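Chain by chain, the residues:
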Amino acid sequence: MTELSRRLDAHQRSRIAELDLTPTQAKALEELGEPKTARELAAVLCCEPPNVTYVISKLEKQGMVIRQPHPLDRRAKQLVLTEAGRELRLDLLRRMGTASPLDHLSHEERAALRDDLLKALGRAD
């Protein structure tokens, strides 16, 4: 498990680095497939809102994210990917799925591995 974890982590880090992103920026892009508030994003990323503000500010300067008024809460802002941000997100997701350490497994073997890992975590269906 440890070796597989290391290989998957190295794969992710190399794909993220190809796009000149930090791991936190990449995770934020992944999670912003749908608009979220900074507080919602912080909860998903398991970090404090000020950390998210820093990450989003950098992505905003790069033209990847904009802040828009929340449609239901006038006190809040939503984080929304720009067209460039959506394209970068798709590129990131494609790269993450390419040349994975699990590529040699068939679809059925991947499904079985996923099921076994969920069972080991006590989250089996």
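Remember, it's a predicted structure, so these values are computed and weren't measured experimentally.

Caption draft 1: Region of the structure containing the overall build of the chain. Helix and strand counts for the chain stand at 6 helices and 2 strands. Scanning the chain from its N terminus toward the C terminus, one meets helices and strands in the order α-α-α-α-β-β-α-α. If you line up the chain on its principal axes, its C-alpha atoms span 45 × 35 × 20 Å. For the chain, with 125 residues in total, the buried portion stands at 27%. Considering only residue pairs separated by 6 or more positions, the chain has 49% of its internal contacts joining residues 24 or more positions apart. For the chain, the computed accessible surface area is about 8,600 Å², with 52% contributed by carbon and sulfur atoms.

Caption draft 2: Representation of the pattern of salt bridges in the model. Within the structure shown, the criterion is met by 12 salt bridges. Here Arg86 and Glu83 are joined by a salt bridge, their closest N and O atoms 2.7 Å apart. With a gap of 3 residues between them, Arg86 and Glu83 both fall in helix α5 (residues 83-96), about one helical turn apart. On the basis of relative accessibility, which here comes to 39%, the residue Arg86 falls in the partly exposed class. With relative accessibility at 46%, the residue Glu83 sits in the partly exposed group. Residues joined by salt bridges that share partners form a network here, namely Arg15, Glu18, Asp91 and Arg95.

Caption draft 3: Layout of the UniProt feature "domain: HTH marR-type" (unreviewed entry) in the chain. Residues annotated in UniProt with the feature "domain: HTH marR-type" (unreviewed entry) correspond here to residues 1-122. Taken end to end, residues 1-122 is 61% helix and 8% strand, and its two terminal C-alpha atoms sit 16 Å from one another.

Caption draft 4: View of the environment of Arg74. Here Arg74 is to be found in the loop between β1 (65-69) and β2 (77-81). Along the primary structure Arg74 and Arg95 are separated by 21 residues, whereas in three dimensions their C-alpha atoms are 37 Å apart.

Caption draft 5: Just the packing of helix α2 (residues 23-31) against helix α4 (residues 49-61), in detail. Here α2 crosses α4 at 80°, and the two axes come no closer than 10 Å. Accordingly, the angle class assigned to the pair α2 and α4 is roughly perpendicular. From α2, Thr24, Gln25, Ala28 and Leu29 reach across to α4, where they touch Val55, Lys58 and Leu59. For the contact of α2 with α4, the per-class residue count stands at 4 nonpolar, 2 polar and 1 charged.

Conventions and cut-offs
- Residues numbered from 1 in each chain as written.
- Predicted model: local features only at pLDDT ≥ 70, side-chain atom pairs only at ≥ 80, totals over all residues.
- Heavy atoms only, no water.
- Helix = DSSP H or I, 4+ residues; strand = E, 2+ residues; numbered from the N terminus.
- Buried < 20%, exposed > 50% of the residue type's maximum accessible area, 1.4 Å probe, protein only.
- Contact = heavy atoms within 4.5 Å.
- Areas by Shrake-Rupley, 256 points an atom, 1.4 Å probe, with all protein chains shown as cover.
- Salt bridge = Lys/Arg side-chain N within 4 Å of Asp/Glu carboxyl O.
- UniProt positions renumbered as here; feature names shortened; annotations may be inferred.
- Axes fitted to C-alpha atoms, helices over the stretch in contact; angles between N-to-C directions.
- Parallel < 35°, antiparallel > 145°, perpendicular 65-115°, else oblique.
- Nonpolar A, V, L, I, M, F, W, Y, C, P; charged D, E, K, R; others polar.

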